[in-house]
Amino acid sequence: MITTHLLDQIETILSRAGLSADSVAALRDAFPDHHFTHCLDDDIGAGIEPVRAAEDFNLYLIDASEHCLRFTRDPDSATGLVLAEISDADRDA
């Protein structure tokens, strides 16, 4: 389960520190019970909506409760987060 409070904390941290390998490592250290994946936002398939959107990144939830991973918008079934960086090219499009 991913709480709204956790999403608020992650969004605040990334808004201040930026999304980078270092900030993802810091999140992993700060929240060891949660799985974090870092990628570019254009690696996410079309039609998948983030649960949080910021200028430089989007947050997506992952559900790994069954055999295959899948995106979800349900925080109660979420088991991890994808931190997706928005590139300058995507921002300008």
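As the structure is a computational prediction, the values presented were derived from the model and not from experiment.

**Student:** Talk me through the overall build of the protein; I want residue IDs and the actual numbers.
**Tutor:** A tally of regular secondary structure across the protein gives three helices and five strands. Helices (α) and strands (β) of the protein occur, in sequence order from the N terminus, as α-α-β-β-β-β-β-α. For 93 residues, the compact-globule estimate of 2.2 N^0.38 gives 12 Å, and the C-alpha radius of gyration of the protein, at 13 Å, lies within 12% of that figure. Across its three principal directions, the C-alpha atoms of the protein cover 35 × 30 × 20 Å. Within the span of the protein, comprising 93 residues, buried residues form 34% of the whole.

**Student:** Any chance you could break down helix H2 (residues 21–30) for me, citing the residues and the numbers?
**Tutor:** Listed as buried for H2 are Ser23, Val24 and Leu27. With its buried residues spanning 100 degrees around the axis, H2 presents them on a single face. Along H2, exposed side chains directed more than 90 degrees from the buried face belong to Ala21, Asp22 and Asp29.

**Student:** Could you give an account of the side chain of Asp41, naming the residues involved and the relevant values?
**Tutor:** Relative to the helices and strands, Asp41 resides in the loop between strand E1 (35–40) and strand E2 (52–53). Here the side chain of Asp41 touches Tyr60 through a polar contact of 2.7 Å, side chain to side chain. Dropping the residues within four chain positions of it, Asp41 is found in contact with Asn58, Tyr60, Ala84, Glu85 and Ile86.

**Student:** Run through the nonpolar core, naming residues and quoting values.
**Tutor:** Soluble globular proteins tend to pack their nonpolar side chains together in the buried interior. Residues Ile10, Leu14, Phe36, Leu59, Leu81 and Leu83 are the most contacted members of the largest nonpolar core, which totals 17 residues. Setting aside anything within four residues of it in sequence, one finds Leu14 in contact with Leu19, Ser23, Leu27, Phe57, Leu59 and Leu83. Ranked by size, the runner-up nonpolar core spans six residues in total, among them Cys39, Ile44, Tyr60 and Ile62.

**Student:** Give me the confidence of the model for the protein: which residues, what numbers.
**Tutor:** Scored by pLDDT, the protein comes out at a mean of 92, with 94% of its residues at no less than 70. The spread of mean pLDDT over the elements of the protein runs between helix H3 (residues 88–92), the lowest at 62, and strand E3 (residues 57–63), the highest at 97.

**Student:** Can you explain the pairing of E3? Please cite residues and give values.
**Tutor:** Burial analysis of E3 places seven of its seven residues in the buried class, which makes it a mostly covered element. Of the pairings in the sheet, the one linking E2 to E3 comprises two bridges and is antiparallel in character. Within E3, the residue paired with Ala53 across the bridge is Asn58. The antiparallel hairpin formed by E2 and E3 contains three residues in its connecting segment. Two strands pair when backbone bridges link them, and E3 and strand E5 (residues 80–85) are joined in this way by six bridges, in the antiparallel orientation. Considered in E5, the bridge of Ile62 is made with Gly80. Judged from the three bridges that link them, E3 and strand E4 (residues 70–72) form a sheet pairing that is antiparallel.

Definitions and limits used
- Residues numbered from 1 in each chain as written.
- Predicted model: local features only at pLDDT ≥ 70, side-chain atom pairs only at ≥ 80, totals over all residues.
- Heavy atoms only, no water.
- Helix = DSSP H or I, 4+ residues; strand = E, 2+ residues; numbered from the N terminus.
- Rg over C-alpha atoms; globule rule 2.2 N^0.38 Å.
- Buried < 20%, exposed > 50% of the residue type's maximum accessible area, 1.4 Å probe, protein only.
- Arc of directions from axis to C-beta.
- Polar contact = N/O pair within 3.5 Å; in protein donor to acceptor, adjacent residues only side chain to side chain.
- Contact = heavy atoms within 4.5 Å.
- Core = buried A, V, L, I, M, F, W, Y, C linked by side-chain atoms within 4.5 Å.
- pLDDT = per-residue confidence, 0-100.
- Pairing = 2+ DSSP bridges.

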